[in-house]
Amino acid sequence: MEQYRDIDLLKTWTLHSVLNFTRYFFKQKFKRKFVVGKHHVAIGKALDRVLAGECKRLIINIAPRYGKTELAVKNFIAMGLAINPKAKFIHLSYSDDLARDNSRGVQEILREESYRRLFPGTKPTSVNTRKWFTSEGGGLYAVSSAGQVTGFGAGIVDKEEEDELSAEVEELASVSDGTFGGAIVIDDPIKPDDARSDTVRDKVNQKFETTIRNRVNSRKTPIIIIMQRLDEEDLCGYLMRLEPEEWEVLSLPAIEYNEKGEEVALWEFKHTLQELHDLREKNAFVFDTQYMQNPQPLEGLMYERGFTTYEIVPVTRKRKVKAYIDTADTGKDFLCCIIYVETEIGNFIIDVYYTQAPMETTESETARRLTRFEVEECIVESNNGGRGFGRKVRDNCRILGNRKTSFTFFTQTDNKDVRIFNHSNEVQNLSFFPERWNVLFPQFYKAITQYKKEGGNSYDDAPDALTGTVEKRAQQAQNLTRIFG
């Protein structure tokens, strides 16, 4: 009796959540703990909603080697079969070998002695990793997401494979007796090396349309896609653009921001913050795409050439420490305060305060920074309350004993988008950032380096302020010309 009670307790605990299930059977299989990060908790909760019938279309974007396949493919499918031995799954990945390896991983869990003891009705009847069934009629079909792929080209999907997969999708879609009946689980549908190929990407996207969507779009079968982002038009990007309301998206960048706006690593067990910064230094495009889940086109960025960095501000004949402030128009905008040394060579940025904090915080903090860096002139856009903000900052500066900083207010009337575009070359030529400015000013760095020429920009406060620092150089030169001829 005690033995049966223990089994019931274990069954209850493992079936309580996907994360519980994974932790238990990972330990049984590998004789070591499954190291849980906060991203595993988030993924597990999302998958629990799929099993409960609360989510039918789920996208999970996360960096490679962060435990996504173990949790969201192998153990999720094994748990689904534990819940319903008649459940049928289709698993797709970018290659047959990878799909079959994952299929084998599911079988290995089902063959574990502890699994057989808890769920005796779920037993694989074959060692075939491509297509196999349980003793209750459930099972798994594992295949490549786009047929045979060689290099950057696309091979032809075998006719027999296409027909067989279509039949499996049809059969899967028919499982709807009120309980969880299985799912389509797509893990890494495209290889990183192929992601820049329009041909391969389109092949994968159209395979989804012709083989998956047309068969199950109006049915209740869940579809889960787990992958690192690789391109704006990868399968996730394609679906989110096509039907944004249909898909629940869980995006988990490798670097997050805490309540103070400081960078923190998503999973230090895998990568420390320093290691992530090193990865970004090696290839910013790959890092932002695959690790930060923020794919950007290599073409179409406003500041394509990038910026020159410096180690020490050089000695120059002309030198003035200035600040340019673009105040936040609403609570959703960013305050952007750029402190820089203006020289005949260009503007050497020494500090950036870029935040969405409320005015009661930013007024005093801005004053402290102006004082600390001994700013001589602070230029404030007076639009939408900017003059009132600047006066408060000025009052705080005086309280701090700073009588050095003078304040200049002006109203910006020119079109923001046109200004940013027209001055983009000057901004890149005349703006110098300290080395590792991506670490010093992470949110500002992201806002500048990922700003697009056309559309798709959530915020323009950072490029607007940076443009202002260059515009003021030109205006001063014009004023001197008028005065001295």
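The model shown is predicted, which means the values in this text are computed figures rather than measured ones. (Residues numbered from 1 in each chain as written. Predicted model: local features only at pLDDT ≥ 70, side-chain atom pairs only at ≥ 80, totals over all residues. Heavy atoms only, no water.)

### What to know about the overall build of the chain
Here comes step 1: Helices and strands together make up the secondary structure of the chain, namely 18 helices and 18 strands.
Here comes step 2: Looking at the chain as a whole, 52% of its 485 residues are labelled buried.
Here comes step 3: Intrachain contacts of the chain at a sequence separation of at least 6 include 72% that bridge at least 24 residues.
Here comes step 4: A total accessible area of about 23000 Å² is found for the chain, and carbon and sulfur atoms account for 48% of it. (Helix = DSSP H or I, 4+ residues; strand = E, 2+ residues; numbered from the N terminus. Buried < 20%, exposed > 50% of the residue type's maximum accessible area, 1.4 Å probe, protein only. Contact = heavy atoms within 4.5 Å. Areas by Shrake-Rupley, 256 points an atom, 1.4 Å probe, with all protein chains shown as cover.)

### Regarding the sheet that holds strand 7 (residues 184–187)
Here comes step 1: Strand order in the open sheet made by the 7 strands is 3-4-2-7-8-1-9, with mixed pairing throughout. In this open sheet, the two strands that pair with only one neighbour each are strand 3 (131–133) and strand 9 (248–252). Averaged over neighbouring strand pairs, the angle between their axes works out to 10 degrees when direction is ignored.
Here comes step 2: Direction of pairing for strand 1 (residues 57–62) relative to strand 8 (residues 223–227): parallel, over a ladder of 5 bridges. (Pairing = 2+ DSSP bridges. Axes fitted to C-alpha atoms, helices over the stretch in contact; angles between N-to-C directions.)

### Some details on the environment of Pro222
Here comes step 1: Within the fold, Pro222 resides in the loop between helix 8 (198–216) and strand 8.
Here comes step 2: Those residues within four positions of Pro222 in sequence are excluded, and the remaining contacts are Val50, Cys55, Lys56, Arg57, Phe180, Gly182, Ala183 and Ile184.

### Section: the packing of helix 4 (residues 68–83) against helix 5 (residues 96–111)
Here comes step 1: One can describe the packing of helix 4 onto helix 5 by two numbers: an axis separation of 9 Å at closest approach and a directional angle of 50 degrees. Overall, the two elements helix 4 and helix 5 adopt an arrangement that is oblique. Note that helix 4 runs across helix 5; the crossing there is right-handed. Each of Thr69, Val73, Lys74, Asn75, Ile77, Ala78 and Leu81 in helix 4 lies in contact with helix 5, whose residues at this interface are Asn102, Gly105, Val106, Ile109 and Leu110.
Here comes step 2: The residue makeup of the contact of helix 4 with helix 5, split by class, is 7 nonpolar, 4 polar and 1 charged. (Parallel < 35°, antiparallel > 145°, perpendicular 65-115°, else oblique. Left-handed = near helix turned anticlockwise from the far one by under 90°. Nonpolar A, V, L, I, M, F, W, Y, C, P; charged D, E, K, R; others polar.)

### So, the packing of aromatic side chains
Here comes step 1: For the structure on display, the rule yields 28 aromatic pairs.
Here comes step 2: Relative to Phe30, the ring of Phe26 has its centre 4.7 Å away and its plane inclined at 45 degrees; by these criteria the two rings are tilted. Here the residue Phe26 and the residue Phe30 both occupy positions in helix 2 (residues 18–30), the gap between them amounting to 4 residues, near one helical turn.
Here comes step 3: Considering the side-chain rings of Phe307 and Phe433, the 5.3 Å spacing of their centres and the 85 degrees angle between planes classify their relative orientation as edge-to-face. Of the two residues, Phe307 is situated in the loop between helix 11 (284–291) and strand 12 (308–310) and Phe433 in strand 18 (residues 431–434); the sequence distance between them amounts to 126 residues.
Here comes step 4: Taken together, Tyr303, Phe307, Phe334, Tyr354, Phe433, Trp437, Phe444, Tyr445 and Tyr459 form an aromatic cluster joined through their ring pairs.
Here comes step 5: Its end group placed over the ring of Phe410, Lys472 keeps NZ or CZ at 3.6 Å from the ring centre. (Phe/Tyr/Trp six-rings, centres within 6.5 Å; stacked < 30°, edge-to-face > 60°. Lys NZ or Arg CZ within 6 Å of the ring centre and 35° of its normal.)

### Notes on the pairing of strand 16 (residues 377–381)
Here comes step 1: Within strand 16, 5 of the 5 residues are buried, leaving the element largely enclosed by the surrounding structure.
Here comes step 2: Where strand 16 meets strand 17 (residues 406–410), 5 bridges bridge the pair, whose relative direction is parallel. If you follow Glu377 over to strand 17, its bridge partner there is Ser406.
Here comes step 3: A crossover links strand 16 with its parallel partner strand 17, the connecting element being helix 13 (residues 386–399), and its sense is right-handed. (Right-handed = clockwise from strand over helix to strand, strands pointing away.)

### Remarks on unusual backbone geometry
Here comes step 1: With a phi close to 60 degrees, Lys31 is a non-glycine residue in the positive phi region.
Here comes step 2: Here Lys31 shows up in the loop between helix 2 and helix 3 (38–51).
Here comes step 3: The backbone of Gln293 shows a phi angle near 60 degrees, a positive value even though the residue is not glycine.
Here comes step 4: Here Gln293 lies in the loop between helix 11 and strand 12.

### Looking at the environment of Lys88
Here comes step 1: Among the secondary structure elements, Lys88 is positioned in strand 2 (residues 88–93).
Here comes step 2: Counting along the chain gives 11 residues from Lys88 to Ile77, while the straight-line C-alpha distance between them is 9.1 Å.
Here comes step 3: Here Gly137 takes part through its backbone oxygen, which lies 3.1 Å from a polar atom of the side chain of Lys88. (Polar contact = N/O pair within 3.5 Å; in protein donor to acceptor, adjacent residues only side chain to side chain.)

### A look at the pattern of salt bridges
Here comes step 1: Scanning all chains against the criterion turns up 25 salt bridges.
Here comes step 2: Salt-bridge contacts for Arg419 lead to Asp464; the nearest nitrogen and oxygen are separated by 2.7 Å. Of this pair, Arg419 sits in helix 14 (residues 416–422) while Asp464 sits in helix 18 (residues 461–484), and the two are 45 residues apart along the sequence.
Here comes step 3: Its relative accessible area of 4% is what places Arg419 among the buried residues.
Here comes step 4: A salt bridge links Glu471 to Arg419, with the nearest nitrogen and oxygen atoms 2.9 Å apart. Taken together, the residues span a long stretch of sequence, with Glu471 in helix 18 and Arg419 in helix 14 at a distance of 52 residues.
Here comes step 5: By relative accessible area, which is 9% here, Glu471 ends up buried. (Salt bridge = Lys/Arg side-chain N within 4 Å of Asp/Glu carboxyl O.)

### A few points about the state of the cysteines
Here comes step 1: Applying the stated criterion to the full structure yields 0 disulfides.
Here comes step 2: The thiol sulfur of Cys378 is not disulfide-bonded, and the nearest other cysteine sulfur, from Cys337, lies at 6.0 Å.
Here comes step 3: You can call Cys378 buried: its relative accessible area is 0%. (Disulfide = S-S within 2.5 Å.)

### Considering the confidence of the model for the chain
Here comes step 1: When pLDDT is averaged along the chain, the result is 86; 87% of the residues meet or exceed 70.
Here comes step 2: The low-confidence segment residues 480–485, where pLDDT is below 50, has 1 contact with residues more than four positions distant or belonging to other chains. (pLDDT = per-residue confidence, 0-100.)

### What to know about helix 10 (residues 273–282)
Here comes step 1: Along helix 10, the residues that are buried comprise Leu276, His277 and Arg280. Buried residues along helix 10 cover an arc of 100 degrees about the axis, so they all sit on one side.
Here comes step 2: Summarising the contacts, the buried residues of helix 10 are in contact with strand 10 (255–257), strand 11 (263–265), helix 11, helix 16 (437–440) and helix 17 (442–449). (Arc of directions from axis to C-beta.)

### Focus on a negative patch on the surface
Here comes step 1: On the surface, Glu268, Glu275, Asp278 and Glu281 cluster together into a patch of negative charge.
Here comes step 2: Topologically, Glu275 is positioned in helix 10. (Patch = residues over 30% accessible without salt bridge, like charges linked within 9 Å, V, L, I, M, F, W, Y side chains within 5 Å. Lys, Arg positive; Asp, Glu negative; His and termini not counted. Charge placed at Lys NZ, Arg CZ, Asp CG, Glu CD.)

### Here's the deal with the sheet that holds strand 16
Here comes step 1: With mixed pairing, the 7 strands of this open sheet are ordered in space as 12-18-15-14-13-16-17. Because the sheet does not close on itself, it has two edges, and the strands there are strand 12 and strand 17. Strand-to-strand twist in this sheet, taken as the mean axis angle between neighbours without regard to direction, amounts to 30 degrees.
Here comes step 2: Alignment of strand 14 (residues 335–342) against strand 15 (residues 347–355), held across 8 bridges, turns out to be antiparallel. Bridge pairing links Cys336 to Tyr354 in strand 15.
Here comes step 3: With respect to the sheet, helix 17 is in contact with strand 14, strand 15 and strand 18, its orientation differing from that of strand 15 by roughly 105 degrees.

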